[in-house]
Amino acid sequence: MNQKQTQIAVSLLLAVILFYVGFSFGKKSSINQEPAFVINATTTVPLDMAPFWKTWNVLDEKFSPASSTNFSVTEQSKLWGAIEGLAASYGDPYTVFFPPVETKVFEEEISGSFGGVGMEIAVQDEALIVVAPLKDTPADKAGVKAGDKIISIDGKPASRMTSEEAVSIIRGEVGSKVNIVFVRKGVSEPIAKDIIRAVIEIPTVNTRMTAEGVFIIELYNFSAPSPNFFRNALREFVESKSDKLILDLRNNPGGYLEAALDMASWFLPMGKIVVTEDFGGNKDENREYRSKGYDVFNDNLKMVILVNEGSASASEILAGALREYDKAILVGAKTFGKGSVQELVPITQDTSLKITVAHWLTPLDRSISDGGISPDIEVKLTPENTKDGADPQLNAAVKYLLKQ
């Protein structure tokens, strides 16, 4: 992995160097209206850069902004924009170049505590979708739901935004307001919400026991400390003397792979494959991640995992592994389908490239990216069956366990 990461970093560095060389050479050539050629960073095929420089010059000469007030576009910002376009040309919503401002936003996001409204968003089918609202955050309290499609943020159309661009607009001063307009499946009119920004502390886990003796662990994310919280929750389950467990991964957008591996290890023998990292179909390069073998539960355990369209990434890894080893069945709705692996590569001191380098495969070599994971028992939520706080998915899980 270290060797592959180094190769990727070197390739990107070469690409940037060659771009600057091409910039210098091409700028001069374009002035004289001569074609500018550079060599692609990874092939020996000459690339005609003349259209690029002609566009650059036409914009410099002819562009007229809608308002001249404080309007400024620097050579540096045009370069960042060109690299953003290069990343976007790969057609992968998770491969994104971060200029300085976006880099800072991304670093705040992965730190685990930040200001905003508390919802995970992603681009899916060329639309900006809410993966999941985080529990007890302003978005959750405002009634935002997994699967909501964002069509505007503070009046700005969201149709061509990346998730990072959307996050940069949604973030703001704590206590300030952001207006977000959503389209929701089954609702005819757009839904507009004014949401007050707050400091977002990502919750981790909650436990409870139903009157029927079913123990429930609600897991909200796969952050760095979540394995410890999960271990404590499992201890509570064991002490409860129940043999019926529901692991609720609904609206869990994922997080650290290591956290998912650790949690799967409580249910799987040593060495069992939890997930495979597929680097493009070459099995010799694939990396398998295996159970640590805590394996503390016997065959008497009866387990259901609740999933929905907000269950993504590490949630899908854990749910897929435990289902395919017959440790649990899945109840709810099809998962999000976030089965790709990203690596963050520094480009300059204050810019970076988030690039998809691989895809996740379940133990049976099924790609999580191909439409997500379908539940064994599908339970659709409707306005009618969720009145007064009813939870038909949870009810179906409890009903199933009581029959076992």
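Residues numbered from 1 in each chain as written. Predicted model: local features only at pLDDT ≥ 70, side-chain atom pairs only at ≥ 80, totals over all residues. Heavy atoms only, no water.

1. Considering the overall build of the chain
When helices and strands are tallied, the chain shows ten helices and 21 strands. Taking all 404 residues of the chain together, the buried fraction comes to 46%. Restricting the contact set of the chain to residue pairs at least 6 apart, pairs at least 24 apart contribute 64%. Surface accessibility of the chain: about 21100 Å² in total, with carbon and sulfur atoms responsible for 53%. (Helix = DSSP H or I, 4+ residues; strand = E, 2+ residues; numbered from the N terminus. Buried < 20%, exposed > 50% of the residue type's maximum accessible area, 1.4 Å probe, protein only. Contact = heavy atoms within 4.5 Å. Areas by Shrake-Rupley, 256 points an atom, 1.4 Å probe, with all protein chains shown as cover.)

2. Some remarks on the side chain of D92
Position of D92 relative to the elements: it lies in the loop between helix 3 (75-88) and strand 3 (96-98). The buried charged residue D92 lacks any salt bridge, with K354 as its nearest oppositely charged partner at 7.4 Å. At 2.7 Å, the side chain of D92 and the side chain of T95 are in polar contact. (Lys, Arg positive; Asp, Glu negative; His and termini not counted. Salt bridge = Lys/Arg side-chain N within 4 Å of Asp/Glu carboxyl O. Polar contact = N/O pair within 3.5 Å; in protein donor to acceptor, adjacent residues only side chain to side chain.)

3. Side note on the packing of helix 7 (residues 226-239) against helix 8 (residues 257-264)
Two elements in contact, helix 7 and helix 8, have axes separated by 9 Å at closest approach and are oriented at 20 degrees. In terms of orientation, helix 7 and helix 8 fall into the roughly parallel class. The handedness of the crossing between helix 7 and helix 8 comes out as right-handed. Where helix 7 approaches helix 8, its residues S226, P227 and F230 are matched on the opposing element by A259, D262 and M263. For the contact of helix 7 with helix 8, the per-class residue count stands at four nonpolar, one polar and one charged. (Axes fitted to C-alpha atoms, helices over the stretch in contact; angles between N-to-C directions. Parallel < 35°, antiparallel > 145°, perpendicular 65-115°, else oblique. Left-handed = near helix turned anticlockwise from the far one by under 90°. Nonpolar A, V, L, I, M, F, W, Y, C, P; charged D, E, K, R; others polar.)

4. Section: the pattern of salt bridges
Applying the stated criterion across every chain, the model contains 14 salt bridges. Here D243 makes a salt bridge to K244, at a shortest N to O gap of 3.1 Å. Residue class for D243 comes out partly exposed when judged on its relative accessible area of 28%. What makes K244 buried here is its relative accessible area of 15%. One salt bridge in this structure joins D248 and R250, with 2.9 Å as the shortest N-O distance. In this structure, D248 and R250 share a single accessibility class: buried. One continuous salt-bridge network, built from bridges that share partners, spans D60, E75 and K78.

5. Looking at the environment of N308
Residue position: N308 is located in the loop between strand 17 (302-307) and helix 9 (314-324). It is 9.9 Å that separates the C-alpha atoms of N308 and G372, two residues lying 64 residues apart in sequence. Within the structure, the side chain of N308 is placed 3.0 Å from the backbone nitrogen of N251, a separation counted as a polar contact.

6. Notes on the confidence of the model for the chain
Across the chain, pLDDT averages 86, with 84% of residues at or above 70. Below pLDDT 50 for its whole length, residues 1-14 participates in 13 contacts with residues either more than four positions away or in separate chains. (pLDDT = per-residue confidence, 0-100.)

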